[in-house]
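Residue strings, one per chain:
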Amino acid sequence: MTTHPMSLHPVPFEMIRSGQKTYELRLYDEKRRKVCPGDHIEFTNTETGEKMRCEVAALHRFDSFDKLYASLPLLKCGYTEADINTAKPEDMNEYYTPEKQEKYGVIGIEIKTIS
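(A) Seen up close, the nonpolar core. Ranked by internal contacts, the top residues of the largest apolar core, which has 16 residues, are L25, F65, L68, Y69 and L72. Broken down by secondary-structure element, the contributors of at least two residues to this core are β2 (23–27) and α2 (65–71). Filtering out sequence-adjacent residues up to four positions away, L72 remains in contact with Y23, L25, H60, F62, C77 and G108. Judged by nonpolar contacts, the second largest core, of 14 residues, contains Y28, V35, I107 and I111.

(B) Up close: the pattern of salt bridges. Taken as a whole and assessed by the stated rule, the structure comprises 8 salt bridges. In this structure, R32 and D29 form a salt bridge, with 3.2 Å as the shortest nitrogen-oxygen distance. Taken as a pair, R32 and D29 share a single burial class, namely buried. Across the pair K67 and D63 runs a salt bridge whose closest N-O atoms are separated by 3.3 Å. Within this structure, E14, R17 and E50 form a network of salt bridges that share partners.

(C) Expanded view of helix α1 (residues 10–18). Every buried residue of α1 is accounted for by F13, M15 and I16. Viewed end-on, α1 has its buried residues packed into an arc of 165°, placing them on one side of the element. Exposed residues lying more than 90 degrees from the buried face of α1 are V11 and S18. Just beyond α1, the residue with positive phi is G19, at close to 90°.

(D) Highlighting the side chain of R26. Tracing the sequence through the fold places R26 in strand β2. Residue classification places R26 among the buried positions, given a relative accessible area of 9%. If we ignore the near neighbours within four places in the chain, the residues touching R26 are M6, S7, L8, R32, F43, F65, Y96, V106, I107 and I109.

(E) Layout of the packing of aromatic side chains. By the definition in use, this model includes 3 aromatic pairs. With centroids separated by 6.5 Å and ring planes inclined at 85°, the aromatic side chains of F65 and Y69 adopt a geometry described as edge-to-face. Of this pair, F65 and Y69 both sit in helix α2, 4 residues apart, which is roughly one turn of the helix. In this pair, the class of F65 matches that of Y69, namely buried. Summarising the aromatic geometry, the rings of Y69 and Y79 are spaced 5.9 Å apart at their centres and angled 75° between planes, so their arrangement reads as edge-to-face. Of this pair, Y69 sits in helix α2 while Y79 is found in the loop between α2 and α3 (98–104), placing the two residues 10 residues apart along the sequence. Y69 gets classed as buried once you look at its relative accessible area, which sits at 9%.

What counts and how
- Residue numbers here run from 1 along each chain, matching the order of that chain's written sequence.
- Per-residue local features of the predicted model are confined to residues with pLDDT of at least 70, and side-chain atom pairs are confined, for both listing and counting, to 80 or more; whole-chain, interface and lining totals are unaffected and use all residues.
- The side-chain quantities take in all heavy atoms of the structure and omit both hydrogens and water.
- Take the buried residues of types Ala, Val, Leu, Ile, Met, Phe, Trp, Tyr and Cys, join any two whose side-chain atoms come within 4.5 Å, and each joined set is a nonpolar core.
- In this scheme, a residue with accessible area under 20% of its type's maximum is buried, one over 50% is exposed, and one in between is partly exposed, where area comes from a 1.4 Å probe on protein chains only.
- Counting from the N terminus, the helices are DSSP H or I runs at least four residues long and the strands are E runs at least two residues long.
- Pairs of residues are marked as contacts when any of their non-hydrogen atoms sit within 4.5 Å.
- A pairing counts as a salt bridge when a side-chain nitrogen of Lys or Arg comes within 4 Å of a carboxyl oxygen of Asp or Glu.
- Taken from the helix axis, the directions to the C-beta atoms give the arc we talk about.
- Aromatic pairs are defined between Phe, Tyr and Trp rings, using the six-membered ring for Trp, whenever the two ring centres lie within 6.5 Å; interplanar angles under 30 degrees are classed as stacked, those over 60 as edge-to-face, and all others as tilted.

Right, here's the structure in full:
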């Protein structure tokens, strides 16, 4: 088992802690290709430095966020009832350029909090 460090903004950090968010959406780049079910992810809150450990339950790989958004439960991906109606794959362009998305593909990392 390997532990993978990843940074998170405060809101998704708290959503994972509460159990509301159980999928972490990332680019399927070289770092994420090393993640396997059973591994741990240590998330670090980008504002407070607080850490939280999660176990990787499953990996859901897609060619694009379009396909990911059509397949995964968005209420478990960081959206809320208040913003689910405006959720769109382009929201991820804030984090990853369309060129990188096309080059690497994307992944929904299904997680469960362990500490």
